[in-house]
Each structure stands twice: as structure tokens, then as C-alpha cells.
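A closer look at the structure
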Amino acid sequence: MAEEKKSIEEELSYPILICDKILKSAKESESFKLECSEVSKRVDCLAQMLRTTVILSTSNPSLYDRPIHRILSESVKNLDRALTLVRKCKRAGLLRRVVTITTAADFRKLFSLLDSSLGDFRWLLGVFNSQATGDFDLALPPIANTDPMLAWVWTYLAILHMGSLQNRTEAANSLSSLALDSERNKQIIITEGGVPPLLKLLKESSSSEAQIAAATVLAHLAGDPESVRNLSGQMAVPIAVQVLGESPIGVQISVAFLIARMVGQDVDSQEEFGRENAIRKLVSILCFETLDSKDSFDKPTSIHSLVQIKKEMPVPARSSNSMHSEGSSRGRDRRKERENESPEEKFKLMINCSEALWVLARGSVSNSRRICETKGLLCLAKIIEKEKGDLQFNCMMTLMEIATAAESNADLRRVSFKTNSPAAKAVVDQLIRIVIEGRSPTLQIPAIKSVGSLARTFPARETRIIRPLVNQLSHKNPDIAEEAAVALGKFANPENFLCVEHSKAIIEFDGVLPLTRLLRSTERTQLHGLILLCYLALNVGSSEALEKSRALTALELAGRSMAAQHPSLRELLPKAIYSLELYQAGVHPQRLDVEYIKGTLDKHGKDTRS
């Protein structure tokens, strides 16, 4: 802060020095004495304003200095021009006066420029002096005549720096309206230094109204990755997480929206919020209204989580009994406050928190693991069971992201989706229920995807998972039928250790016939249906159901058109055809003949090209 004060003083010292030189030269003028006298009056007034600005800058630590630099830059240009013109009026030889011709028009133009500088500094000092009166004027300085938005932003930001709490709240609300008007306004607010005072208002204010106003503006500013990185670089992430865990419900609603907005615009902030413990606080809020009091939602479910919490705990300055007593008291007070809130407020908070949790889990194995280390899975399952609308959808999408992460990460899959885990069982029960009920494709599709992603976690005896997916192969909605084929393909994939058992279950639940019908659907649906049928042929080629449904003919017909377009089928399709041909011919080979497969592949390639 000391360096900033010094830089302002240095900037102001130069124009004050120029003013002194102009006043001295004006006294020595021999021509245009009247005009030089007018210049002297204006410059003397400007010099007094400059000195007043110096006093304000040195005495006020919270002074907003952005407009000072801009106005000073223009004023210095005008003062340099005034000094040059006044010096021309000093006594000189005839030749010099002829060469440096000065006219009354030159002075009229200079008067206009100096009047603009005077107007700018009057506005600037008026804004600074309003701190004491609380009456802030939104008049435009001459420098902002071509861009009024700049002056309004300066005024509101000056209020945020120096105004009373009520005025700062009103200024934040005004900035929120400006930010909603256009992207350019957002950039002006950020460029002119609006983020630090807004974060300070959010973090340090004792007023919920002020915190909500600050969080709302910040959420509006987080409209693109660059702006989010700007916010993150100024400590927005730890401040938001801290406020989320310590504030009344109205503030939590706004901060949860801010977190969702930031992560939704910039993936880089995803891990930063995860490291700052945002997930545990979001899950705690969701669990507060969802799980019974006996379910300690802050209790970690892994050693890693215990270690992480120990790292994050501050060193206690008082006895543990005292800290525990105060913590319990705050917990009781917060629970009592929460019970008095309206159901609408509680529901809105849960919607915003669930959306934030969703975007934090999206594509992130580490954040998905953090959710699973809390009571997150059980909480999400309960909400999906009890709630409707956006809240239910957000939780379903969060589960889908976690399941996707578990599909790609064996450790997460093994730890979080153990067959004897109550949370995992609750999740699977709700996924199956959504798939069976089929009331909404927006829920059914992510539920089917989630089941498919967890295919490797189900034992062979869990056939209750397979039947609902098989039933969806006949769904009227082609998107749902396609997702069912994709999910079943993950069960039957040879890379799945239980692929043979799962394939038998698919056939047992009459999945072959609707699967062959999918081969007459759209190209994308055909592809996934064809892949699943190939897996069934490889795993249980001796099945009578495959023979009765003429799966071999279906593969040959579909293969002619699909193999050339999709490289993934060039090896898989000939192997499947070969397996069916051998079994249906009554031969049970111990292994597949690789040369025969290659010959079959070449034959189908030639048929396709012809």
C-alpha cells in the first residue's frame, strides 16, 4: 500500500511543478497579457486541486485511485500545452515572433482544455469528499462525456472503497445491474479494479444484504474463462468457500451460485475449489436438509479424508473442551436459524448447492473422490428419491459424473462402489428405479449412463440390473434405446471379467430380438446395437436365441454397410461372425483361427467396396 501512495504522490508532483512554471511564465508575458492572465487563473485553481488530491491520497488508506491516474494523464497533456503557449508570449525578437505565431484561437482552445481538466478534478474531489457526507453525485466528468459508463463505474467503485455499509451495498446492486446490461460493462468493472472491493465486501461485511449484493455482482462478472481466472487470482476461491460455510442461508444461496458460475466457466477453478474444501461444505448443506441427525454428514469415510481434515485444522489456541463447547453452540444456533427459514429459501439453497456440486464433479476424478469421501453418495440418492425438478436433476447429473469418473478409475470404483456399501446400494437402487419408471428422458438417460459406467462393479448375481436395461432396448425414444445398448455393451464387453455371465443374462431376458431391431434404426444406434450383438456372439455364440433370431444374418447384412465406416468394427465383426458360424455349424472350437478371421475380414471388406 505504501508503494501505491508513493506512486500517486510522484505522479501528482510533476503537474504541480508544471503549474508553477506556467504561473511564472504568465507573469513574464509581453503579448496576449489578458489571455495569459486567464490561463494563470485556471492553472492556479487546478494547482490547488492537485495539492488537495495529494493531501487526500496521503491521508486516506482506502482511496480509490483509478480515476486519479486517468484524469491526471489528460490534465498533464493540457498543462504541457499551456506552458508551451504561455512561453511564446514572453519578450522575444521580431524573427521569433514571426516564426512562432500565436493567435487568440489558440487561447480559446486552451481555455476549453483547461476547463475540462478543472471539471474532471472537481468531479474527482466531489466523489472523494462525499465519503464524509454520504451524498454521492453521479454527474459526469468531462473526461467521460464520450463514455458515461466509465464515470458511473468509477463512482460506484469509489463508494465501495470509501462509502458507508449501506452505500456500499447500494453501489454493489448498481454494479450488478450494469454488469447484466452488457459484456463491455463487465470488462470495465474488472479493468477498473472492481473485484478486490467486492471480495472485501463479501468477506468482511456484517450485513447479509451487502454480502448477497457482492456475491451477485461477482457471479455476473464470472461470464468467461478469462474473467474467472481474474477472480481466482485475487483470492475469490478461498473467500467464497469460507463465506459459504459461515453465513446465513441467503448469503449461502448467492455464494453457491457464484461457485457454480465460476467452475462452469473455467475448468481450472474446479480443482482449486476442491482443494479449498468446497465439496465438503456443499455436501454438508445438502445433507442438513436430507439425512437424519444420526447421519453425521461431516464424518469422513476414508483415511485419506481424515488426514486431509487434520491438515486443514488450525492449531487450537484454547483448550479442546472450550473449542468443542463453542462449536457445539454454533452448530445448535445454526440449526435453529435454519429451522426458521422458509421452505422456499431452503429449496433454493439446495438447488444452487447441487448445481455447484455437479459442475465440480464434471470430468474430475479427484473431486468425485472427495464427494464419495463424505456422505455425498447417500445424500444424492436420498434427494433423487424424495425430490423433483431441478434439484433431482442436478443430483442425478452429479451421480452420472461420479459414475463416469469411477469407470475410468479402478481405485475410486473399488473404494466407493463396494457391493456391501449402504451408500452404493442406495445409489444403485435409485438408478434402477429411474430406469424402470421412465417418467422423464432427462433423468432416464443419465441414469442409464450411470449404470453402464458402473458395469464392472456388479457381481454376476445382480441380474436385477440387466433386465431394466434390456427392456429399454424397445423404448420408443431412440436416444433411450441407444443409451441402453451402450450400457449393456459395457456389461458384455470382453474386458469385463463377468462378460459371459452378463451376456447370458441379456439373452435370458429376451434382449436379442429388440437388439436386432435396433440395427434398422439410425446410424449411431445401429453402431452400438451392432457392437453389443458382436459381444453376445463372442461370449455366448452357442445360444439358441442368437440362432433363432438370425443374428448371423443380421451381422452380415449390417456389417456390409457399417464396417467400412467404423474402424472399431473391422476386427470385432469378423470375430463375431466366425464365432456364430462355428457354433451354428455344430463345431465347438477351443480357440479362434486367426487366419480364418483375417480372411473373413478381407472378404467383408471386398463385399463392402463392391
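Structure report, in brief. Throughout this description, residue numbers start from 1 for each chain and increase along the sequence as written. It should be noted that, the model being predicted, local features are given only for residues of pLDDT at least 70 and side-chain atom pairs only at 80 or more, the latter also being counted only at that level, while totals for whole chains, interfaces and linings use all residues. Think of the side-chain values as coming from all heavy atoms in the structure, minus any hydrogens and water.

This part is about the packing of helix H23 (residues 422-437) against helix H24 (residues 441-453). To define axes, lines are fitted to C-alpha atoms, for helices over the stretch in contact only, and angles between the resulting N-to-C directions are given on a 0 to 180 degree scale. Segments assigned H or I by DSSP are reported as helices when at least four residues long, segments assigned E as strands when at least two residues long, and all are numbered from the N terminus. Viewed as axis vectors pointing N to C, H23 and H24 meet at an angle of 135 degrees, and their least axial separation amounts to 9 Å. The pairing of H23 with H24 is recorded here as oblique in orientation. The element H23 and its partner H24 pack so that their crossing is left-handed. Together, Leu431, Ile434 and Val435 of H23 and Leu443, Gln444, Ala447, Ile448, Ser450 and Val451 of H24 make up the contact between the two elements. Amino acid classes used here: Ala, Val, Leu, Ile, Met, Phe, Trp, Tyr, Cys and Pro are nonpolar; Asp, Glu, Lys and Arg are charged; the rest, including Gly, are polar. Residues of the contact of H23 with H24, tallied by class, amount to 7 nonpolar, 2 polar and no charged. Throughout, the term roughly parallel applies to angles under 35 degrees, roughly antiparallel to angles over 145, roughly perpendicular to angles from 65 to 115, and oblique to all others. For a crossing to be left-handed, the near helix must be turned anticlockwise from the far one by less than a right angle; the clockwise case is right-handed. We call two residues contacting when some pair of their heavy atoms lies within 4.5 Å.

Next up on the list: the nonpolar core. One finds Val39, Phe273 and Leu555 to be the most contacted residues of the largest nonpolar core, which totals 187 residues. Of the residues forming this core, the biggest block, 11 residues, is contributed by helix H5 (residues 104-133). Apart from residues no more than four positions distant in its own chain, Leu555 is found in contact with Leu530, Leu533, Cys534, Ala537, Leu573, Ala576, Ile577 and Leu580. The term nonpolar core refers to a set of buried residues drawn from Ala, Val, Leu, Ile, Met, Phe, Trp, Tyr and Cys, joined through side-chain atoms within 4.5 Å. When accessible area is computed with a 1.4 Å probe and restricted to protein chains, residues below 20% of their type maximum are described as buried, those above 50% as exposed, and intermediate ones as partly exposed.

Bringing the side chain of Arg433 into the picture now. Mapped onto the elements of the fold, Arg433 is located in helix H23. Of the polar contacts made by the side chain of Arg433, one reaches the backbone oxygen of Ile384; its length is 3.1 Å. In this structure Arg433 touches Ile384, Glu385 and Gln392, once residues within four positions along its chain are discounted. Here a polar contact is recorded for every N or O atom pair within 3.5 Å, except that within protein the pair must consist of a potential hydrogen donor and a potential acceptor, and residues adjacent in sequence are included only if both atoms are side-chain atoms.

So, on to helix H26 (residues 478-492). With 15 residues, H26 ought to run about 21 Å at 1.5 Å a step, and its terminal C-alpha atoms sit 21 Å apart, in line with that. Listed as buried for H26 are Ile480, Ala481, Glu482, Glu483, Ala484, Ala485, Ala487, Leu488, Gly489, Phe491 and Ala492. To estimate how far a helix should extend, the number of its residues minus one is multiplied by 1.5 Å.

This paragraph deals with the packing of helix H18 (residues 343-361) against helix H19 (residues 365-373). Geometrically, a packed helix pair is captured by the angle between its two axes and the distance between the axes. Running from N to C, H18 and H19 point in directions that differ by 135 degrees, and their axes come no closer than 7 Å. Taken together, the axes of H18 and H19 lie oblique to each other. Here Leu357, Leu360 and Ala361 of H18 lie close against H19, whose contacting residues are Asn367, Ser368 and Ile371. Residues that form the contact of H18 with H19 fall into these classes: 4 nonpolar, 2 polar and no charged.

Further remarks concern unusual backbone geometry. The phi angle of most residues is negative, glycine excepted, and most peptide bonds adopt the trans form. The phi dihedral of Phe32 is positive, around 50 degrees, even though this residue is not glycine. Along the chain, Phe32 turns up in the loop between helix H1 (2-27) and helix H2 (33-59). Residue classification places Phe32 among the partly exposed positions, given a relative accessible area of 27%. Positive phi, close to 70 degrees, is recorded for Met235, a residue that is not glycine. Within the secondary structure layout, Met235 lies in the loop between helix H11 (225-233) and helix H12 (236-246).

This part is about the environment of Leu63. Residue position: Leu63 is located in the loop between H2 and helix H3 (66-87). On the basis of relative accessible area, Leu63 is assigned to the buried category, the value being 11%. For Leu63 and His161, which are 98 residues apart along the polypeptide, the C-alpha to C-alpha distance reads 6.7 Å. If sequence neighbours within four positions are ignored, Leu63 has contacts with Leu56, Ser57, Ile68, Phe128 and Met162.

Let us now look at the state of the cysteines. The disulfide definition used here is simple: a pair of cysteine sulfur atoms within 2.5 Å. Applying the stated criterion to the full structure yields 0 disulfides. The structure places no disulfide on Cys379, whose sulfur is separated from the nearest cysteine sulfur, that of Cys287, by 3.4 Å. Judged by its relative accessible area of 1%, Cys379 is buried.

Right, let's talk about empty space enclosed by the protein for a bit. In this analysis, the protein atoms alone were mapped onto a 1 Å grid. Cavities are point sets where a 1.4 Å probe fits without being able to get out; pockets are open sets with protein on both sides within 12 Å along at least five of seven lines; lining residues have an atom within 4 Å of a point. Grid points are joined across faces, edges and corners, and a volume is the space filled by probe spheres set on the points. All told, the structure shown has 1 cavity of 30 Å³ or more when counted by the stated rule. Taken as a whole, the largest cavity encloses approximately 30 Å³ of empty space. Lining the largest cavity are Ile432, Val435, Val451, Ile465, Pro468 and Leu469. Contributions of two or more residues to the lining of the largest cavity are made by H23 and helix H25 (466-472). Here the lining of the largest cavity is composed, by residue class, of 6 nonpolar, no polar and no charged.

Let us look at the environment of Val153. Structurally, the position occupied by Val153 is in helix H6 (residues 148-162). Here Val153 falls in the buried class, since its relative accessible area comes to 0%. Residues Val153 and Ala171, spaced 18 residues apart in sequence, show a C-alpha to C-alpha distance of 9.3 Å. When neighbours within four sequence positions are excluded, Val153 is seen to be in contact with Leu178, Ile188, Ile189 and Glu192.

Purely spatial values, then, with no claim about function.
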